[in-house]
Amino acid sequence: MRSSKPLGLAAMAAAAALTLTACGGGDSGGEGGGESTAGSGESVRIGIKYDQPGLGYRDGDEYTGFDVDVAEYVAGELGYSADQIEWVESPSANRENMLANDQVDMIFATYSITDARKETVDFAGPYFVAGQDLLVREDDSSIQGPEDLEGKNLCSVTGSTSAQKVKDDHPGANLVEQPGYADCLTALESGQVDAVTTDDIILAGLASTDANQGKFKVVGNTFSEERYGVGLPKGSDRCQAVNDAITKMIEEGAWEEAVTENTEGADYEYNQELNPPTPEPCA
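Residues numbered from 1 in each chain as written. Predicted model: local features only at pLDDT ≥ 70, side-chain atom pairs only at ≥ 80, totals over all residues. Heavy atoms only, no water.

The sheet built from five strands is open, its strands ordered 10-9-11-8-12 with mixed pairing. Every other strand in the sheet has two partners, leaving strand 10 (174–178) and strand 12 (216–218) as the edge strands with one partner each. The sheet shows a mean angle of 30° between the axes of neighbouring strands, taken without regard to direction. As paired elements, strand 9 (residues 153–157) and strand 11 (residues 195–199) share two bridges and run parallel to each other. From the neighbouring strand, Leu-154 faces strand 11, where its bridge partner is Ala-195. Contacts between helix 5 (residues 161–169) and the sheet are confined to strand 8 (132–137), strand 9, strand 10 and strand 11, with strand 10 contributing the most and set at about 165° to the helix. On the sheet, helix 6 (residues 181–190) packs against strand 8, strand 9, strand 10, strand 11 and strand 12 and is oriented at approximately 150° with respect to strand 11. (Pairing = 2+ DSSP bridges. Helix = DSSP H or I, 4+ residues; strand = E, 2+ residues; numbered from the N terminus. Axes fitted to C-alpha atoms, helices over the stretch in contact; angles between N-to-C directions. Contact = heavy atoms within 4.5 Å.)

In structure tokens, the structure reads:
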């Protein structure tokens, strides 16, 4: 799904969105459908990350990744054609404010559902359950999980919850903090660090880029649970319609296809005990 790969799924998602629109998709779900009927000239503003390969990534005018695929599918079910989607960069620190200030209508950006966040925003989903994991060099079998980090050099991004969890739970690891995960992968490839940590699907997305394929592997021993939800403005009437769309995407097999294509080449398998998830009831 990255720009360096065939854009088959993106094209299919766009075509599906157009097909659904032609079939009256604007009436699907009921909640919020009436106000967003395709063909009305309206658009939907969807927040994503721009810098996470395999999840939310911008390359020129191309937007690719698992979050993008889910967002396109949901938008189609809500009655929006592909060309009615307005993508908006939504950095982690700005997501709550962007929803509160009416800068976006929905956010699909590895946005973990938490009780604290529920106080200011509404969530649909989850559409994926991630877990903090480790990325190591492909030929390294010495690290099978966080218990093997004693005395090892571990890279994460400065200020991230992943870095803090390592500090709290695994003080024997030598934490090396970098500004971004691309810097961590450079250090991992050169041998300056032994592993990189963040959510498993984020690691898989990084490892699946053309430049990194075959160099790294996700250990596959998660030690946290992160439920990725769709951020909505507080009081939104779209939650049930979004949940219905997520459920349909899973049942039709499009969810599985999106995960597979966006992590291809990463030697990654998602946690099948937690995925695909069942969306939680809307409050």
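This paragraph deals with the sheet that holds strand 4 (residues 62–64). Read across the sheet, three strands follow the order 2-3-4 without closing on themselves; strand pairing throughout is antiparallel. Either end of the sheet is taken by a strand with one partner, and the two such strands are strand 2 (51–52) and strand 4. Inspection of the sheet shows strand 2 paired to strand 3 (residues 56–59) by two bridges, in the antiparallel sense. Directly across from Asp-51, in strand 3, lies its bridge partner Tyr-57.

Formed by 57 residues in total, the largest nonpolar core has its most connected members in Ile-46, Phe-66 and Phe-128. Ranked by residues supplied to this core, first place goes to helix 2 (residues 66–77) with seven residues. With near-sequence residues (within four places) excluded, Phe-128 lies in contact with Phe-66, Asp-200, Ile-201, Glu-226, Arg-227, Tyr-228, Trp-255, Val-259, Tyr-268, Tyr-270, Asn-275 and Pro-277. The next biggest cluster of nonpolar side chains, apart from the first, holds ten residues, and it includes Val-88, Val-104, Ile-107 and Ile-113. (Core = buried A, V, L, I, M, F, W, Y, C linked by side-chain atoms within 4.5 Å. Buried < 20%, exposed > 50% of the residue type's maximum accessible area, 1.4 Å probe, protein only.)

Right, let's talk about the environment of Glu-86 for a bit. Along the polypeptide, Glu-86 turns up in strand 5 (residues 85–89). Accessibility expressed as a relative area gives 39% for Glu-86, which makes it partly exposed. Residues in contact with Glu-86, not counting those within four places in the same chain, are Ser-43, Val-44, Arg-45 and Ile-46.

Our focus in this paragraph is the state of the cysteines. Overall, the coordinates contain two disulfides when judged by the stated rule. Across a sulfur-sulfur distance of 2.1 Å, Cys-155 and Cys-184 are joined as a disulfide pair. Here Cys-155 and Cys-184 share a disulfide; its torsion about the S-S bond, -75°, makes the bridge left-handed. Of this pair, Cys-155 sits in strand 9 while Cys-184 sits in helix 6, placing them 29 residues apart in sequence. The exposure class assigned to Cys-155 is buried, which follows from its relative accessible area of 0%. (Disulfide = S-S within 2.5 Å.)

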